[in-house]
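If you want the building blocks of each chain, they are given just below.
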Amino acid sequence: MKQGPVPVGRWAFGITGTVVVLLVASVLAFGPLQAQRGASTLRIAAAAIQQLDPYKSASNDEIHAFSLVFDPLIILSKDDFRPAPHLAESWENPDDTTWIFHLRQGVHFQDGNEVFPEGEGREVTAADVVYSIDRFMKVSTAFTLGEIESVEALDRYTVQIKTKYPDPFLIVDPNRLARVVVVPHEAVEQLGEDGFAQNPIGSGPFELRTFVPDEQVVFARNEDYWLTPGVDRVEFVFIPDPTVQNIALEVGEVDVLPYVFNIDTAQQLAQNPDIELYGRGGSYRGIGFNVQKPPFDEWEVRDAVARAMDITGAFRAVVGEEFGERAYGQVPPWVGFGYDPSLADLRPYDPEGAKAQLAAAGFADTDGDGFLDRDGKPLRVDIKTIAGSQTRVLTILATQLRELGIQASVVPLDTAVWAADLQTGNSEVFFDYSFAGTTGLHALFHSSAIGRTNTHFYSNPEVDALLDEASRTLDHSERDRLWKQAQRLIMEDRAAIPLYFELGFSAVNKRVKDWVVPWGGLYLVSLENNVRIED
(Lines give C-alpha, C1' and ligand atoms only; values in the text may rest on other atoms or scores of the structure.)
Protein backbone atom coordinates (compact mmCIF):
# COMPACT_ATOMS: atom_id res chain seq x y z
CA MET A 1 0.00 0.00 0.00
CA LYS A 2 1.29 3.41 -0.95
CA GLN A 3 1.80 5.97 1.77
CA GLY A 4 3.32 9.41 1.73
CA PRO A 5 4.11 11.04 -1.65
CA VAL A 6 2.80 8.85 -4.44
CA PRO A 7 4.39 8.76 -7.91
CA VAL A 8 1.67 8.91 -10.53
CA GLY A 9 1.44 8.59 -14.27
CA ARG A 10 0.08 11.01 -16.81
CA TRP A 11 -3.60 11.18 -17.63
CA ALA A 12 -5.90 13.12 -19.92
CA PHE A 13 -7.04 16.50 -18.56
CA GLY A 14 -10.60 17.31 -19.63
CA ILE A 15 -11.11 20.98 -18.65
CA THR A 16 -11.15 23.35 -21.60
CA GLY A 17 -8.98 26.42 -21.75
CA THR A 18 -11.98 28.75 -21.55
CA VAL A 19 -13.26 27.13 -18.42
CA VAL A 20 -9.81 27.28 -16.85
CA VAL A 21 -9.60 31.02 -17.49
CA LEU A 22 -12.99 31.60 -15.89
CA LEU A 23 -12.16 29.46 -12.89
CA VAL A 24 -8.81 31.14 -12.35
CA ALA A 25 -10.53 34.51 -12.51
CA SER A 26 -13.00 33.23 -9.92
CA VAL A 27 -10.16 32.12 -7.67
CA LEU A 28 -8.36 35.42 -7.92
CA ALA A 29 -11.57 37.24 -7.01
CA PHE A 30 -11.69 35.66 -3.55
CA GLY A 31 -10.92 38.24 -0.90
CA PRO A 32 -9.20 35.88 1.60
CA LEU A 33 -6.73 34.84 -1.05
CA GLN A 34 -5.38 38.37 -1.00
CA ALA A 35 -4.54 38.11 2.67
CA GLN A 36 -1.03 38.70 3.92
CA ARG A 37 1.45 36.05 2.91
CA GLY A 38 4.66 35.03 4.52
CA ALA A 39 7.41 32.62 3.65
CA SER A 40 6.16 30.24 6.29
CA THR A 41 2.43 30.71 5.87
CA LEU A 42 0.63 27.51 4.98
CA ARG A 43 -2.64 28.04 3.07
CA ILE A 44 -5.18 25.22 3.22
CA ALA A 45 -8.31 25.12 1.06
CA ALA A 46 -11.65 24.81 2.87
CA ALA A 47 -15.30 24.98 1.87
CA ALA A 48 -16.97 25.91 5.16
CA ILE A 49 -15.95 26.45 8.79
CA GLN A 50 -18.66 27.72 11.10
CA GLN A 51 -17.48 26.71 14.57
CA LEU A 52 -14.38 25.26 16.27
CA ASP A 53 -15.62 23.26 19.26
CA PRO A 54 -13.74 19.98 18.74
CA TYR A 55 -16.57 17.81 20.07
CA LYS A 56 -19.37 19.26 18.00
CA SER A 57 -18.42 18.62 14.42
CA ALA A 58 -17.83 15.85 11.90
CA SER A 59 -17.02 18.35 9.16
CA ASN A 60 -13.60 17.70 7.67
CA ASP A 61 -12.84 21.41 7.31
CA GLU A 62 -13.70 22.15 10.93
CA ILE A 63 -11.77 19.11 12.16
CA HIS A 64 -8.70 20.26 10.23
CA ALA A 65 -8.93 23.73 11.76
CA PHE A 66 -9.47 22.84 15.41
CA SER A 67 -6.87 20.04 15.24
CA LEU A 68 -4.27 22.82 15.16
CA VAL A 69 -5.43 24.24 18.50
CA PHE A 70 -5.62 21.07 20.60
CA ASP A 71 -3.62 18.00 21.55
CA PRO A 72 -5.10 14.49 21.61
CA LEU A 73 -3.79 11.75 23.88
CA ILE A 74 -2.82 9.65 20.89
CA ILE A 75 -2.62 9.95 17.13
CA LEU A 76 -2.74 7.17 14.56
CA SER A 77 0.68 6.58 13.08
CA LYS A 78 1.28 7.85 9.56
CA ASP A 79 2.93 4.55 8.65
CA ASP A 80 0.65 1.81 9.93
CA PHE A 81 -2.41 3.53 11.49
CA ARG A 82 -1.57 2.10 14.89
CA PRO A 83 -1.90 4.37 17.96
CA ALA A 84 1.19 6.46 18.56
CA PRO A 85 2.14 8.64 21.56
CA HIS A 86 1.27 12.32 21.59
CA LEU A 87 0.04 13.94 24.81
CA ALA A 88 0.13 10.44 26.30
CA GLU A 89 3.73 9.24 26.29
CA SER A 90 2.76 5.62 26.99
CA TRP A 91 -0.12 3.37 28.10
CA GLU A 92 -0.78 -0.14 29.28
CA ASN A 93 -3.58 -2.64 29.90
CA PRO A 94 -3.35 -4.21 33.38
CA ASP A 95 -6.47 -6.17 32.42
CA ASP A 96 -8.86 -6.43 29.45
CA THR A 97 -11.10 -3.54 30.55
CA THR A 98 -8.55 -1.12 32.02
CA TRP A 99 -6.39 1.39 30.15
CA ILE A 100 -3.81 3.50 31.96
CA PHE A 101 -2.30 6.51 30.15
CA HIS A 102 0.84 8.34 31.31
CA LEU A 103 0.83 12.01 30.29
CA ARG A 104 3.68 14.08 28.96
CA GLN A 105 4.80 16.56 31.62
CA GLY A 106 5.40 20.26 31.04
CA VAL A 107 2.68 20.78 28.38
CA HIS A 108 0.78 24.04 28.92
CA PHE A 109 -2.44 25.55 27.65
CA GLN A 110 -2.02 28.52 25.35
CA ASP A 111 -1.68 31.92 27.01
CA GLY A 112 -2.10 35.53 25.95
CA ASN A 113 -5.88 35.19 25.76
CA GLU A 114 -8.86 36.18 27.91
CA VAL A 115 -8.72 32.95 29.91
CA PHE A 116 -4.98 32.54 30.45
CA PRO A 117 -3.10 35.89 30.48
CA GLU A 118 0.36 36.07 28.95
CA GLY A 119 2.76 33.88 30.89
CA GLU A 120 -0.04 32.20 32.86
CA GLY A 121 -0.85 29.18 30.70
CA ARG A 122 -1.64 26.34 33.06
CA GLU A 123 -0.03 22.89 32.80
CA VAL A 124 -2.16 20.13 31.28
CA THR A 125 -2.89 17.44 33.87
CA ALA A 126 -4.77 14.19 34.24
CA ALA A 127 -7.76 16.11 35.61
CA ASP A 128 -8.01 17.92 32.25
CA VAL A 129 -8.12 14.59 30.44
CA VAL A 130 -10.89 13.37 32.74
CA TYR A 131 -12.84 16.60 32.19
CA SER A 132 -12.37 16.36 28.42
CA ILE A 133 -13.51 12.73 28.16
CA ASP A 134 -16.54 13.45 30.32
CA ARG A 135 -17.45 16.48 28.22
CA PHE A 136 -16.87 14.54 25.00
CA MET A 137 -19.32 11.85 26.13
CA LYS A 138 -21.91 14.49 27.07
CA VAL A 139 -21.79 16.81 24.09
CA SER A 140 -20.25 14.95 21.14
CA THR A 141 -22.70 15.09 18.26
CA ALA A 142 -20.86 12.85 15.81
CA PHE A 143 -18.67 10.31 17.58
CA THR A 144 -18.80 7.93 20.53
CA LEU A 145 -16.20 6.38 22.79
CA GLY A 146 -18.16 3.16 23.22
CA GLU A 147 -19.10 1.65 26.59
CA ILE A 148 -17.03 3.61 29.12
CA GLU A 149 -17.52 2.60 32.77
CA SER A 150 -15.28 5.18 34.45
CA VAL A 151 -12.53 7.74 33.87
CA GLU A 152 -10.26 8.64 36.78
CA ALA A 153 -7.10 10.66 37.46
CA LEU A 154 -4.79 8.32 39.41
CA ASP A 155 -2.30 11.14 39.99
CA ARG A 156 -1.31 14.44 38.33
CA TYR A 157 -0.06 12.72 35.16
CA THR A 158 -1.86 9.36 35.07
CA VAL A 159 -5.36 8.64 33.75
CA GLN A 160 -7.29 5.39 34.05
CA ILE A 161 -10.14 4.51 31.68
CA LYS A 162 -12.26 1.46 32.42
CA THR A 163 -14.58 0.04 29.77
CA LYS A 164 -17.61 -2.15 30.44
CA TYR A 165 -16.27 -4.78 28.05
CA PRO A 166 -12.90 -5.46 26.42
CA ASP A 167 -12.78 -2.85 23.66
CA PRO A 168 -9.88 -3.12 21.18
CA PHE A 169 -11.28 -0.26 19.09
CA LEU A 170 -10.98 2.37 21.82
CA ILE A 171 -7.48 3.36 20.73
CA VAL A 172 -7.24 2.00 17.17
CA ASP A 173 -10.43 3.51 15.73
CA PRO A 174 -9.86 7.06 14.44
CA ASN A 175 -13.33 8.03 15.65
CA ARG A 176 -12.89 7.10 19.32
CA LEU A 177 -10.10 8.14 21.69
CA ALA A 178 -8.07 9.71 18.88
CA ARG A 179 -10.95 12.21 18.53
CA VAL A 180 -10.76 13.34 22.15
CA VAL A 181 -8.53 16.38 22.29
CA VAL A 182 -7.86 17.96 25.67
CA VAL A 183 -9.66 21.19 26.52
CA PRO A 184 -9.29 23.40 29.64
CA HIS A 185 -12.46 23.60 31.74
CA GLU A 186 -11.82 27.29 32.45
CA ALA A 187 -12.20 28.16 28.78
CA VAL A 188 -15.57 26.44 28.45
CA GLU A 189 -16.81 27.87 31.77
CA GLN A 190 -15.66 31.45 31.16
CA LEU A 191 -16.47 31.69 27.47
CA GLY A 192 -19.57 29.52 27.47
CA GLU A 193 -20.33 26.78 24.97
CA ASP A 194 -20.92 29.19 22.07
CA GLY A 195 -18.01 31.44 23.01
CA PHE A 196 -15.63 28.50 23.22
CA ALA A 197 -16.73 27.38 19.76
CA GLN A 198 -15.68 30.79 18.40
CA ASN A 199 -12.55 31.25 20.55
CA PRO A 200 -11.05 27.81 21.20
CA ILE A 201 -8.09 27.55 23.58
CA GLY A 202 -6.05 24.37 23.84
CA SER A 203 -2.50 23.17 24.23
CA GLY A 204 -1.87 22.58 20.51
CA PRO A 205 0.84 23.92 18.18
CA PHE A 206 -1.17 26.87 16.82
CA GLU A 207 -3.24 29.63 18.44
CA LEU A 208 -6.32 31.13 16.84
CA ARG A 209 -5.75 34.68 15.63
CA THR A 210 -8.76 35.45 13.41
CA PHE A 211 -12.05 33.63 12.95
CA VAL A 212 -14.87 34.88 10.75
CA PRO A 213 -17.09 31.88 10.01
CA ASP A 214 -16.94 30.81 6.37
CA GLU A 215 -14.72 33.81 5.56
CA GLN A 216 -11.39 33.77 7.34
CA VAL A 217 -9.53 31.53 9.82
CA VAL A 218 -5.94 32.33 10.70
CA PHE A 219 -3.66 30.63 13.22
CA ALA A 220 -0.25 31.66 14.52
CA ARG A 221 2.47 29.41 15.90
CA ASN A 222 2.27 28.64 19.62
CA GLU A 223 5.74 29.76 20.71
CA ASP A 224 5.48 27.74 23.93
CA TYR A 225 4.53 24.43 22.31
CA TRP A 226 6.42 21.33 23.42
CA LEU A 227 7.58 20.82 19.82
CA THR A 228 8.69 23.59 17.47
CA PRO A 229 6.17 24.05 14.62
CA GLY A 230 7.72 24.30 11.19
CA VAL A 231 5.45 27.08 9.89
CA ASP A 232 4.60 30.46 11.39
CA ARG A 233 1.03 30.84 10.25
CA VAL A 234 -1.78 28.72 8.89
CA GLU A 235 -4.62 30.22 6.87
CA PHE A 236 -7.76 28.43 5.74
CA VAL A 237 -8.80 29.82 2.36
CA PHE A 238 -12.51 29.53 1.70
CA ILE A 239 -13.39 28.19 -1.73
CA PRO A 240 -16.76 26.40 -1.74
CA ASP A 241 -16.49 24.86 -5.21
CA PRO A 242 -14.21 21.77 -5.39
CA THR A 243 -13.28 22.47 -8.99
CA VAL A 244 -12.19 25.98 -8.10
CA GLN A 245 -10.18 24.56 -5.20
CA ASN A 246 -8.29 22.44 -7.70
CA ILE A 247 -7.54 25.47 -9.84
CA ALA A 248 -6.47 27.46 -6.78
CA LEU A 249 -3.90 24.79 -5.99
CA GLU A 250 -2.65 24.65 -9.55
CA VAL A 251 -2.14 28.41 -9.79
CA GLY A 252 -0.49 28.54 -6.35
CA GLU A 253 -3.19 30.41 -4.45
CA VAL A 254 -3.43 27.62 -1.87
CA ASP A 255 -0.79 25.10 -0.81
CA VAL A 256 -2.92 22.13 0.19
CA LEU A 257 -6.14 20.33 -0.71
CA PRO A 258 -6.46 18.06 2.36
CA TYR A 259 -8.68 15.60 0.53
CA VAL A 260 -9.00 14.91 -3.18
CA PHE A 261 -12.45 13.44 -3.43
CA ASN A 262 -12.19 11.33 -6.55
CA ILE A 263 -9.54 9.76 -8.71
CA ASP A 264 -10.50 11.88 -11.72
CA THR A 265 -9.27 14.94 -9.83
CA ALA A 266 -6.22 13.06 -8.58
CA GLN A 267 -5.36 12.04 -12.12
CA GLN A 268 -5.75 15.65 -13.26
CA LEU A 269 -3.59 17.12 -10.51
CA ALA A 270 -0.93 14.46 -11.02
CA GLN A 271 0.01 16.14 -14.28
CA ASN A 272 1.17 19.30 -12.55
CA PRO A 273 4.93 19.12 -11.83
CA ASP A 274 4.51 21.53 -8.90
CA ILE A 275 2.01 19.31 -7.08
CA GLU A 276 2.59 16.14 -5.11
CA LEU A 277 -0.08 13.61 -4.18
CA TYR A 278 0.12 12.05 -0.73
CA GLY A 279 -1.81 8.82 -0.33
CA ARG A 280 -3.21 7.41 2.92
CA GLY A 281 -6.21 5.21 3.53
CA GLY A 282 -9.19 5.38 1.24
CA SER A 283 -12.58 3.79 0.64
CA TYR A 284 -14.13 0.42 -0.22
CA ARG A 285 -16.14 0.18 -3.42
CA GLY A 286 -18.21 -2.79 -4.52
CA ILE A 287 -21.57 -4.03 -5.73
CA GLY A 288 -24.04 -4.89 -2.98
CA PHE A 289 -27.07 -7.12 -3.05
CA ASN A 290 -30.20 -6.80 -0.95
CA VAL A 291 -30.21 -10.50 -0.19
CA GLN A 292 -33.89 -10.47 0.74
CA LYS A 293 -35.05 -9.26 -2.69
CA PRO A 294 -35.84 -11.86 -5.41
CA PRO A 295 -34.05 -13.12 -7.40
CA PHE A 296 -31.01 -11.99 -5.37
CA ASP A 297 -32.22 -13.93 -2.36
CA GLU A 298 -30.82 -16.91 -4.30
CA TRP A 299 -27.13 -17.64 -3.77
CA GLU A 300 -26.83 -19.13 -7.27
CA VAL A 301 -27.97 -15.87 -8.90
CA ARG A 302 -25.64 -13.69 -6.85
CA ASP A 303 -22.74 -16.03 -7.51
CA ALA A 304 -23.45 -16.12 -11.25
CA VAL A 305 -23.51 -12.31 -11.48
CA ALA A 306 -20.18 -12.15 -9.63
CA ARG A 307 -18.56 -14.72 -11.92
CA ALA A 308 -19.89 -13.08 -15.10
CA MET A 309 -17.87 -9.85 -14.77
CA ASP A 310 -14.21 -9.14 -15.54
CA ILE A 311 -13.77 -6.89 -12.52
CA THR A 312 -10.00 -6.79 -12.68
CA GLY A 313 -10.13 -5.56 -16.27
CA ALA A 314 -12.63 -2.82 -15.42
CA PHE A 315 -10.59 -1.76 -12.39
CA ARG A 316 -7.41 -1.45 -14.43
CA ALA A 317 -9.18 0.45 -17.21
CA VAL A 318 -10.59 3.14 -14.92
CA VAL A 319 -8.64 3.21 -11.65
CA GLY A 320 -5.34 1.33 -11.94
CA GLU A 321 -2.82 0.36 -9.29
CA GLU A 322 -1.58 3.94 -8.91
CA PHE A 323 -4.89 5.11 -7.50
CA GLY A 324 -6.39 1.98 -6.00
CA GLU A 325 -6.15 -1.72 -5.30
CA ARG A 326 -8.33 -4.56 -6.54
CA ALA A 327 -10.47 -5.73 -3.62
CA TYR A 328 -11.58 -9.26 -2.86
CA GLY A 329 -13.05 -8.50 0.56
CA GLN A 330 -14.38 -5.42 2.37
CA VAL A 331 -11.43 -4.90 4.75
CA PRO A 332 -8.58 -2.85 3.27
CA PRO A 333 -4.91 -3.17 4.20
CA TRP A 334 -4.83 0.07 6.20
CA VAL A 335 -7.20 -1.22 8.90
CA GLY A 336 -4.40 -3.35 10.31
CA PHE A 337 -6.40 -6.53 10.80
CA GLY A 338 -8.80 -8.56 8.66
CA TYR A 339 -7.21 -7.71 5.31
CA ASP A 340 -7.29 -10.97 3.34
CA PRO A 341 -6.17 -11.03 -0.31
CA SER A 342 -6.53 -14.83 -0.25
CA LEU A 343 -10.25 -14.18 -0.81
CA ALA A 344 -9.32 -13.89 -4.49
CA ASP A 345 -9.92 -17.63 -4.68
CA LEU A 346 -13.65 -16.91 -4.30
CA ARG A 347 -13.79 -14.58 -7.31
CA PRO A 348 -13.01 -16.45 -10.54
CA TYR A 349 -13.95 -14.71 -13.77
CA ASP A 350 -15.99 -17.41 -15.47
CA PRO A 351 -18.72 -16.07 -17.81
CA GLU A 352 -19.49 -19.45 -19.36
CA GLY A 353 -19.84 -21.01 -15.93
CA ALA A 354 -22.10 -18.12 -14.92
CA LYS A 355 -24.37 -18.76 -17.93
CA ALA A 356 -24.58 -22.45 -17.13
CA GLN A 357 -25.41 -21.69 -13.49
CA LEU A 358 -28.20 -19.30 -14.47
CA ALA A 359 -29.57 -21.91 -16.87
CA ALA A 360 -29.60 -24.45 -14.05
CA ALA A 361 -31.51 -21.91 -11.95
CA GLY A 362 -34.20 -21.73 -14.62
CA PHE A 363 -33.19 -18.65 -16.60
CA ALA A 364 -33.45 -18.79 -20.41
CA ASP A 365 -34.19 -16.46 -23.31
CA THR A 366 -37.74 -17.69 -23.84
CA ASP A 367 -38.97 -14.78 -25.97
CA GLY A 368 -35.92 -14.38 -28.20
CA ASP A 369 -35.16 -10.78 -27.19
CA GLY A 370 -31.56 -11.65 -26.34
CA PHE A 371 -32.08 -11.47 -22.56
CA LEU A 372 -32.62 -14.13 -19.94
CA ASP A 373 -35.93 -14.48 -18.18
CA ARG A 374 -37.71 -16.82 -15.79
CA ASP A 375 -41.41 -17.20 -15.15
CA GLY A 376 -42.03 -14.29 -17.52
CA LYS A 377 -39.72 -11.89 -15.68
CA PRO A 378 -36.41 -10.69 -17.10
CA LEU A 379 -33.25 -11.02 -15.04
CA ARG A 380 -32.44 -7.38 -14.34
CA VAL A 381 -29.36 -6.01 -12.58
CA ASP A 382 -30.03 -2.28 -12.12
CA ILE A 383 -27.15 -0.90 -10.08
CA LYS A 384 -28.17 2.20 -8.11
CA THR A 385 -25.22 4.51 -7.62
CA ILE A 386 -24.12 8.02 -6.78
CA ALA A 387 -21.85 10.24 -8.84
CA GLY A 388 -18.17 9.35 -8.96
CA SER A 389 -15.50 7.58 -10.92
CA GLN A 390 -17.03 4.23 -9.94
CA THR A 391 -19.81 4.96 -12.42
CA ARG A 392 -17.40 4.23 -15.27
CA VAL A 393 -16.37 0.94 -13.66
CA LEU A 394 -19.99 -0.03 -13.13
CA THR A 395 -20.85 0.88 -16.72
CA ILE A 396 -18.15 -1.45 -18.03
CA LEU A 397 -19.42 -4.25 -15.81
CA ALA A 398 -23.05 -3.66 -16.79
CA THR A 399 -22.03 -3.86 -20.45
CA GLN A 400 -20.38 -7.22 -19.79
CA LEU A 401 -23.54 -8.51 -18.12
CA ARG A 402 -25.70 -7.40 -21.05
CA GLU A 403 -23.41 -9.28 -23.43
CA LEU A 404 -24.25 -12.41 -21.45
CA GLY A 405 -27.98 -11.80 -21.72
CA ILE A 406 -28.55 -10.07 -18.37
CA GLN A 407 -30.49 -6.80 -18.54
CA ALA A 408 -28.06 -4.66 -16.58
CA SER A 409 -27.93 -0.89 -16.19
CA VAL A 410 -26.35 1.79 -14.03
CA VAL A 411 -28.90 4.03 -12.31
CA PRO A 412 -27.40 7.34 -11.08
CA LEU A 413 -29.19 8.87 -8.10
CA ASP A 414 -28.87 11.87 -5.85
CA THR A 415 -26.91 10.84 -2.76
CA ALA A 416 -29.85 11.35 -0.39
CA VAL A 417 -32.18 9.29 -2.59
CA TRP A 418 -29.56 6.57 -3.00
CA ALA A 419 -29.01 6.33 0.75
CA ALA A 420 -32.74 6.33 1.53
CA ASP A 421 -33.43 3.62 -1.05
CA LEU A 422 -30.70 1.43 0.39
CA GLN A 423 -31.76 1.87 4.01
CA THR A 424 -35.45 1.28 3.35
CA GLY A 425 -34.81 -1.80 1.23
CA ASN A 426 -35.97 -0.12 -1.98
CA SER A 427 -32.99 -1.54 -3.85
CA GLU A 428 -31.99 -4.89 -5.25
CA VAL A 429 -28.46 -4.14 -6.47
CA PHE A 430 -26.45 -1.08 -5.51
CA PHE A 431 -23.08 0.60 -5.46
CA ASP A 432 -21.62 -0.61 -2.17
CA TYR A 433 -19.46 2.02 -0.50
CA SER A 434 -17.85 2.75 2.82
CA PHE A 435 -14.81 4.54 4.17
CA ALA A 436 -13.60 1.06 5.11
CA GLY A 437 -12.60 2.03 8.61
CA THR A 438 -11.80 -0.14 11.58
CA THR A 439 -15.34 -1.39 12.19
CA GLY A 440 -16.58 -1.20 8.59
CA LEU A 441 -17.15 -4.94 8.22
CA HIS A 442 -19.33 -4.96 11.33
CA ALA A 443 -21.29 -1.91 10.16
CA LEU A 444 -22.02 -3.29 6.71
CA PHE A 445 -22.85 -6.90 7.54
CA HIS A 446 -23.80 -7.39 11.21
CA SER A 447 -27.52 -8.11 11.52
CA SER A 448 -27.91 -5.52 14.30
CA ALA A 449 -27.29 -2.84 11.67
CA ILE A 450 -29.92 -3.98 9.15
CA GLY A 451 -31.79 -1.02 7.74
CA ARG A 452 -29.11 1.41 8.86
CA THR A 453 -25.58 0.64 7.68
CA ASN A 454 -26.33 -2.99 6.75
CA THR A 455 -28.20 -2.19 3.54
CA HIS A 456 -27.65 -5.73 2.29
CA PHE A 457 -30.29 -6.85 4.81
CA TYR A 458 -27.86 -9.68 5.41
CA SER A 459 -28.09 -11.86 8.50
CA ASN A 460 -25.88 -14.80 9.38
CA PRO A 461 -25.78 -15.81 13.09
CA GLU A 462 -22.32 -17.33 12.65
CA VAL A 463 -21.00 -14.07 11.21
CA ASP A 464 -22.64 -12.06 14.01
CA ALA A 465 -21.03 -14.28 16.64
CA LEU A 466 -17.58 -13.96 15.08
CA LEU A 467 -17.84 -10.17 14.78
CA ASP A 468 -19.13 -9.86 18.35
CA GLU A 469 -16.28 -11.96 19.69
CA ALA A 470 -13.69 -10.05 17.65
CA SER A 471 -15.08 -6.74 18.89
CA ARG A 472 -14.17 -7.76 22.45
CA THR A 473 -10.81 -9.36 21.69
CA LEU A 474 -7.76 -7.28 22.59
CA ASP A 475 -5.26 -9.76 21.19
CA HIS A 476 -4.42 -8.46 17.75
CA SER A 477 -3.66 -11.83 16.15
CA GLU A 478 -6.80 -13.45 17.48
CA ARG A 479 -8.96 -10.47 16.40
CA ASP A 480 -7.37 -10.66 12.96
CA ARG A 481 -8.26 -14.37 12.73
CA LEU A 482 -11.88 -13.84 13.80
CA TRP A 483 -12.36 -10.85 11.49
CA LYS A 484 -10.99 -12.79 8.52
CA GLN A 485 -13.18 -15.78 9.30
CA ALA A 486 -16.29 -13.59 9.39
CA GLN A 487 -15.30 -11.81 6.20
CA ARG A 488 -14.77 -15.12 4.36
CA LEU A 489 -18.24 -16.32 5.37
CA ILE A 490 -19.78 -13.05 4.12
CA MET A 491 -17.95 -13.30 0.82
CA GLU A 492 -18.83 -16.99 0.44
CA ASP A 493 -22.46 -15.98 0.95
CA ARG A 494 -22.02 -13.49 -1.93
CA ALA A 495 -23.69 -10.69 0.01
CA ALA A 496 -21.49 -8.29 -1.93
CA ILE A 497 -19.08 -8.25 -4.84
CA PRO A 498 -15.91 -6.35 -3.87
CA LEU A 499 -14.54 -4.22 -6.69
CA TYR A 500 -11.62 -2.12 -5.43
CA PHE A 501 -10.22 0.09 -2.69
CA GLU A 502 -9.89 3.66 -3.91
CA LEU A 503 -6.96 5.44 -2.28
CA GLY A 504 -7.43 8.75 -0.52
CA PHE A 505 -5.11 11.64 -1.39
CA SER A 506 -4.04 15.06 -0.30
CA ALA A 507 -2.78 17.28 -3.10
CA VAL A 508 0.08 19.48 -1.92
CA ASN A 509 2.36 22.08 -3.45
CA LYS A 510 5.84 20.58 -3.58
CA ARG A 511 7.30 23.39 -1.52
CA VAL A 512 5.33 21.96 1.43
CA LYS A 513 7.29 19.18 3.12
CA ASP A 514 6.42 16.41 5.57
CA TRP A 515 2.67 16.51 4.97
CA VAL A 516 0.56 13.67 6.41
CA VAL A 517 -2.93 13.03 5.05
CA PRO A 518 -5.49 13.73 7.82
CA TRP A 519 -6.78 10.61 9.57
CA GLY A 520 -8.88 11.32 12.66
CA GLY A 521 -7.44 14.84 12.67
CA LEU A 522 -4.94 17.06 10.87
CA TYR A 523 -1.54 16.97 12.53
CA LEU A 524 1.01 19.41 11.19
CA VAL A 525 3.30 18.86 14.19
CA SER A 526 3.80 15.53 15.94
CA LEU A 527 6.57 13.17 16.98
CA GLU A 528 6.36 11.73 13.45
CA ASN A 529 6.21 14.82 11.25
CA ASN A 530 6.57 18.59 11.20
CA VAL A 531 5.17 20.37 8.17
CA ARG A 532 7.39 23.11 6.77
CA ILE A 533 7.71 25.21 3.63
CA GLU A 534 10.84 25.22 1.50
CA ASP A 535 10.92 27.81 -1.29
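Data block above holds the structure.
From a predicted model like this one, the values you see are computed outputs, not experimental measurements.

### Quick look at the pairing of strand β10 (residues 216-221)
Where strand β9 (residues 206-212) and β10 come together, six bridges link them in antiparallel fashion. Residue F211 lies in a different strand from β10, and its bridge partner there is V217. Following β9, the chain reverses through three residues before pairing antiparallel with β10; D214 in that reversal takes a positive phi of roughly 60°.

### What to know about the sheet that holds strand β8 (residues 158-163)
The strand order across the open sheet built from four strands is β5-β6-β8-β7, with neighbouring strands paired in antiparallel fashion. A single partner strand is all that each edge strand has here, and the edge strands are β5 (88-95) and β7 (148-155). Between one strand and the next, the sheet's axes are offset by a mean angle of 20°, whatever the strand orientation. With six bridges connecting them, β7 and β8 associate as antiparallel partners. Bridging from a neighbouring strand, I148 pairs with T163 of β8.

### Overview of the pattern of salt bridges
Following the criterion strictly, the structure yields 30 salt bridges and no others. Note that D128 and R122 form a salt bridge whose closest N and O atoms lie 2.8 Å from each other. Here D128 falls in the buried class, since its relative accessible area comes to 2%. Via salt bridges that share partners, R43, D255, R511 and D535 belong to a single interconnected network.

### Some remarks on the packing of aromatic side chains
Considering all chains together, one arrives at 18 aromatic pairs under this definition. Residues F109 and F116 carry aromatic rings whose centres are separated by 5.9 Å and whose planes lie at 5° to one another, so their mutual orientation is stacked. Accessibility classification places F109 together with F116 in one group, the buried group. On the basis of an interplanar angle of 75° and a centroid distance of 6.0 Å, the ring pair of F219 and F236 is categorised as edge-to-face. Taken together, the positions of F219 in strand β10 and F236 in strand β11 (residues 233-238) put the pair 17 residues apart, joining distant regions of the chain. Using a relative accessible area of 2% as the deciding quantity, one classes F236 as buried. The residue whose ring lies beneath R179 is F143, and the NZ or CZ to ring-centre distance is 4.2 Å. For R472, the ring lying beneath its charged end belongs to Y165, and the centroid distance is 3.8 Å.

Quick notes on the rules
Residues numbered from 1 in each chain as written. Predicted model: local features only at pLDDT ≥ 70, side-chain atom pairs only at ≥ 80, totals over all residues. Heavy atoms only, no water. Pairing = 2+ DSSP bridges. Helix = DSSP H or I, 4+ residues; strand = E, 2+ residues; numbered from the N terminus. Axes fitted to C-alpha atoms, helices over the stretch in contact; angles between N-to-C directions. Salt bridge = Lys/Arg side-chain N within 4 Å of Asp/Glu carboxyl O. Buried < 20%, exposed > 50% of the residue type's maximum accessible area, 1.4 Å probe, protein only. Phe/Tyr/Trp six-rings, centres within 6.5 Å; stacked < 30°, edge-to-face > 60°. Lys NZ or Arg CZ within 6 Å of the ring centre and 35° of its normal.

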